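Spelled out from the first residue to the last, the chains are:
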Amino acid sequence: MMNVKTMHTPEVQELLEKVAGFNNSDGNERVKTILHRVMHDVFQIIEDLDITQDELWTAVYYINQLGANGEAALLAPGLGIDKYLDIRSDEADKQAGLYGGTPRTIEGPLYVAGSPKSEGFARMDDGTDTESEVMLLTGQVTDQDGNPIRNAVVDIWHANSMGAYSYFDKSQSEYNLRRRIETDENGRYTARSIIPAGYGCPPEGSTQHLLNQLGRHGNRPAHIHFFISKPGYKHLTTQINLAGDEYTYDDFAFATLEELVIEAQRIEDPAKADALGLEGPFTQVEFDIQLLSTEKSELHVRHSRLRALEGEQA
Ligand code: MBD
Ligand code: FE
């Protein structure tokens with residue numbers, strides 16, 4: 001059917017207008033505009049690539065399965081959508097004169113709102129993950145001129161030694177490896193936790209199923225997520241990747257940035273461990289964060305999206 005071209009016909013154009021509700025005055029104008037464009041482009045793809053019935057229904061039932069698995073927000077970063085939104089936000093910031101500071105990178109689908117809050121220090125792990133190395137995660141939050149920012153909220157979340165996140169992995173305790181730490185008078189935060197392992201998409205899930213068709217893997221390097229905020233400064237969503245992971249520069253979610261790759265330090269000196277109340281060697285991860293000041297209050301907070309437990313906590 002390669003020579004079948006019907007997109008330009010009045011019949012198809014009218015069909016698209018009715019599909020998008022253009023012939024009624026109810027509903028939502030923005031949704032109508034978007035839906036009209038999406039369906040136009042879907043029809044155009046069917047025409048241009050001569051999509052077969054078999055291919056079309058495979059895609060429809062794929063979406064069913066994707067939703068049933070709860071993987072739509074996992075497939076999105078795998079298809080570069082989150083990265084593309086970052087590229088757009090970076091460009092918008094540049095146009096608004098908001099450049100410099102620690103770079104943003106994607107949030108991912110595994111944040112949970114309302115984790116325990118403390119000042120200066122938190123222990124993030126519940127002590128049950130005995131496979132993992134103790135991690136001391138520490139850094140300073142400053143402004144563009146290097147002045148410390150006190151009372152900034154550093155909201156941290158990461159996976160365990162299996163690459164799994166609490167809340168989504170029901171075998172972990174509540175808020176395990178999730179904490180909010182307010183910076184001290186020197187702008188510093190410190191967390192005692194465990195070194196996370198990289199994440200891998202569920203091997204039998206819908207995301208990996210599609211990635212297999214693309215000859216791609218579904219792995220992320222070992223990484224740690226951050227939201228950093230303080231009124232008066234641009235909210236920052238970012239992550240660090242630990243250097244030396246086989247996927248550090250081969251992330252299926254495209255979140256790696258050179259400036260966000262951290263060389264962790266193994267500390268063997270018993271005196272140093274002792275001073276921190278730790279029993280043996282540990283690994284220190286240092287991540288300093290530079291925020292940009294801005295008076296635009298809409299930039300002081302993270303963008304809105306559906307997040308686990310958001311709006312349920314004080
Ligand atoms: C993750 O841990 C993650 O950060 C992203 C972006 C996607 C899947 C799992
Ligand atoms: Fe993650």
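About the thresholds
- Residues numbered from 1 in each chain as written.
- Chains lettered and ligands numbered in written order.
- Predicted model: local features only at pLDDT ≥ 70, side-chain atom pairs only at ≥ 80, totals over all residues.
- Heavy atoms only, no water.
- UniProt positions renumbered as here; feature names shortened; annotations may be inferred.
- Helix = DSSP H or I, 4+ residues; strand = E, 2+ residues; numbered from the N terminus.
- Polar contact = N/O pair within 3.5 Å; in protein donor to acceptor, adjacent residues only side chain to side chain.
- Pairing = 2+ DSSP bridges.
- 1 Å grid on protein atoms, 1.4 Å probe; cavity = no way out; pocket = protein on both sides within 12 Å on 5 of 7 lines; lining within 4 Å.
- Points joined across faces, edges and corners; volume = space filled by probe spheres on them.

The name an unreviewed UniProt entry assigns to the protein chain is catechol 1,2-dioxygenase, from the organism Vibrio japonicus. Heading Catalytic activity (unreviewed entry) of the UniProt record for the protein chain holds this comment: "catechol + O2 = cis,cis-muconate + 2 H(+)". If you open the UniProt record of the protein chain and go to Cofactor (unreviewed entry), you find "Fe(3+)".

A. Inspection of the environment of Tyr247 at higher detail. Mapped onto the elements, Tyr247 comes out in the loop between strand E8 (236–242) and strand E9 (261–262). Along the primary structure Tyr247 and His235 are separated by 12 residues, whereas in three dimensions their C-alpha atoms are 27 Å apart. Within the local environment of Tyr247, its side chain forms a polar contact with the side chain of Asn219, the two groups lying 3.0 Å apart.

B. Layout of the sheet that holds E9. The mixed open sheet is built from 6 strands, whose spatial order is E1-E5-E4-E7-E8-E9. Because the sheet does not close on itself, it has two edges, and the strands there are strand E1 (117–119) and E9. The sheet contact formed by E8 and E9 spans 2 bridges and is parallel. Bridging across to E9, Leu242 finds its partner in Ile262.

C. Quick peek at empty space enclosed by the protein. Considering all chains together, one arrives at 1 cavity of 30 Å³ or more under this definition. Taken as a whole, the largest cavity spans an internal volume of roughly 110 Å³. The wall of the largest cavity is formed by 13 residues, among which Gly108, Pro109, Leu110, Arg220 and His223 lie closest to the centre. For the lining of the largest cavity, the secondary structure elements donating two or more residues are helix H4 (72–78) and strand E7 (223–229).

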